[in-house]
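For reference, the chains in residue letters:
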Amino acid sequence: MKEIKEIKNTDTAKIANLAKELVNLTVTEVNELTIILKKDYGLESDNSVKKITETDSINQEQKKENRKYNVILKSSGPSKLAVVKLIKEITGRGLKDSKELVDSVPTTIKESLNKEEAELFKKKFEEIGAEIELF
């Protein structure tokens, strides 16, 4: 009886490890597994894997769209005064505060922007020679 119990525990551990590996598969790996199971073993799946893959892709796109960005000034470039003025315009801060931001690079200029706004600000800064990073 003891041998049977040990075998069951070993099988349970193997299955638990297999389950852990399956849960951690990426979408690409799930697709590859589906192809192998179908091709090599003749196992047909219902469309649940495909639905999960499609849902996961949609969720990832929504996360990218909903992600918030911070505009970080890495360098003012050749025209420090132009960068100070642009920071003043964008943030509504005073000239002194804007200059202090430029003097303390790297520094965050704007926070929690959607992708379009962040890209627009980045473009404006890069047009005057500043180096910007979106984070």
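Structural data are supplied above this passage.
Within any chain, residue numbers begin from 1 and follow the written order of that chain's sequence. In view of the model being predicted, local features appear only for residues whose pLDDT reaches at least 70, and side-chain atom pairs are presented and counted only at 80 or more, with totals across whole chains, interfaces and linings using the full set of residues. Heavy atoms throughout the structure, all of them, feed into the side-chain values; hydrogens and water do not.

Engineer: Please give an account of the overall build of the protein chain that cites residues and values.
Structural biologist: In this description a helix means any DSSP run of H or I spanning at least four residues, a strand means any run of E spanning at least two, and both kinds are numbered starting from the N terminus. For the protein chain, the count of helices and strands is six helices and three strands. Here the protein chain, with 135 residues, has 17% of them falling under the buried criterion. A separation of at least 24 residues holds for 64% of the contacts in the protein chain among residues at least 6 apart in sequence. Under the convention used here, a 1.4 Å probe and the Shrake-Rupley method define accessible areas, while residue burial counts only the protein chains that appear. For the protein chain, the exposed surface amounts to about 10400 Å²; the carbon and sulfur share of it is 53%. A 1.4 Å probe rolled over the protein chains alone gives each residue an accessible area, and that area as a share of the maximum for its type sets the label: buried under 20%, exposed over 50%, partly exposed in between. Contacts are residue-level and defined by heavy atoms, with any inter-residue pair within 4.5 Å sufficient.

Engineer: Give me the lowdown on the packing of helix α4 (residues 80–91) against helix α5 (residues 95–103), citing residues and values where you can.
Structural biologist: It is at 8 Å that the axes of α4 and α5 come closest, and there the two elements cross at 120°. Considering the angle they form, α4 stands oblique to α5. The way α4 lies across α5 gives a crossing that is right-handed. Together, K80, V83, V84, I87, K88 and T91 of α4 and L95, S98, K99, L101, V102 and D103 of α5 make up the contact between the two elements. All axes here are fitted lines through C-alpha atoms, helices being fitted over the stretch that makes contact, and every angle between N-to-C directions spans 0 to 180 degrees. Roughly parallel covers angles under 35 degrees, roughly antiparallel covers those over 145, roughly perpendicular covers 65 to 115, and oblique covers all other angles. In this scheme the handedness of a crossing depends on how the near helix is turned from the far one: anticlockwise by less than a right angle means left-handed, clockwise means right-handed.

Engineer: So, the pattern of salt bridges: which residues are in play, and what are the values?
Structural biologist: When a carboxyl oxygen of Asp or Glu is within 4 Å of a side-chain nitrogen of Lys or Arg, the pair counts as a salt bridge. Under the definition given, this model contains four salt bridges. With a shortest N-O distance of 2.5 Å, D103 and K80 are connected by a salt bridge. With D103 in helix α5 and K80 in helix α4, the pair connects residues that are 23 residues apart, well separated along the chain. Of the residues examined, K80 reaches a relative accessible area of 37% and is grouped as partly exposed.

Engineer: Please set out unusual backbone geometry residue by residue, giving values where relevant.
Structural biologist: In this chain, V105 is followed by P106 through a cis amide linkage whose omega measures -5°. Counting through the fold element by element, P106 comes out in the loop between α5 and β2 (107–113). The phi angle at S112 is positive, at roughly 55°, despite the residue not being glycine. You can see S112 is positioned in strand β2.

Engineer: Give a detailed account of helix α2 (residues 27–41), specifying residues and quantitative values.
Structural biologist: Spanning 15 residues, α2 covers 20 Å between terminal C-alpha atoms, matching the ideal 21 Å at 1.5 Å per step. Downstream of α2 by one or two residues, G42 has phi in the positive range, about 70°. To estimate the expected span of a helix, count its residues, drop one, and scale the result by 1.5 Å.

Engineer: Please give an account of the environment of L113 that cites residues and values.
Structural biologist: Locating L113 in the fold gives a position in strand β2. A C-alpha to C-alpha distance of 8.3 Å links L113 and R67, two positions 46 residues apart in sequence. Sequence-distant contacts of L113, defined by excluding residues within four places in its chain, comprise R67, K68, Y69, V71, A118 and F121.

Engineer: Break down α5 for me, with residues and values.
Structural biologist: Taken residue by residue, α5 has S98, L101 and V102 as its buried positions. One face of α5 carries all of its buried residues, which in axial projection span an arc of 100°. Tucked into the core, α5 has its buried residues touching β1 (69–75), α4 and β2. To obtain the arc, one takes the directions from the helix axis to the C-beta atoms.

Engineer: If you had to explain the sheet that holds β2 to someone new, which residues and values would you point to?
Structural biologist: Taken in spatial order, the three strands make up an open sheet running β2-β1-β3, and their pairing is antiparallel. Sheet topology places β2 and β3 (131–134) at the edges, where each strand pairs with a single neighbour. When strand polarity is set aside, the average angle formed by the axes of neighbouring strands in this sheet is 20°. The sheet contact formed by β1 and β2 spans four bridges and is antiparallel. Residue pairing in the sheet places I72 in a bridge with T108 of β2. Two strands make a pair as long as DSSP finds a minimum of two bridges between them.

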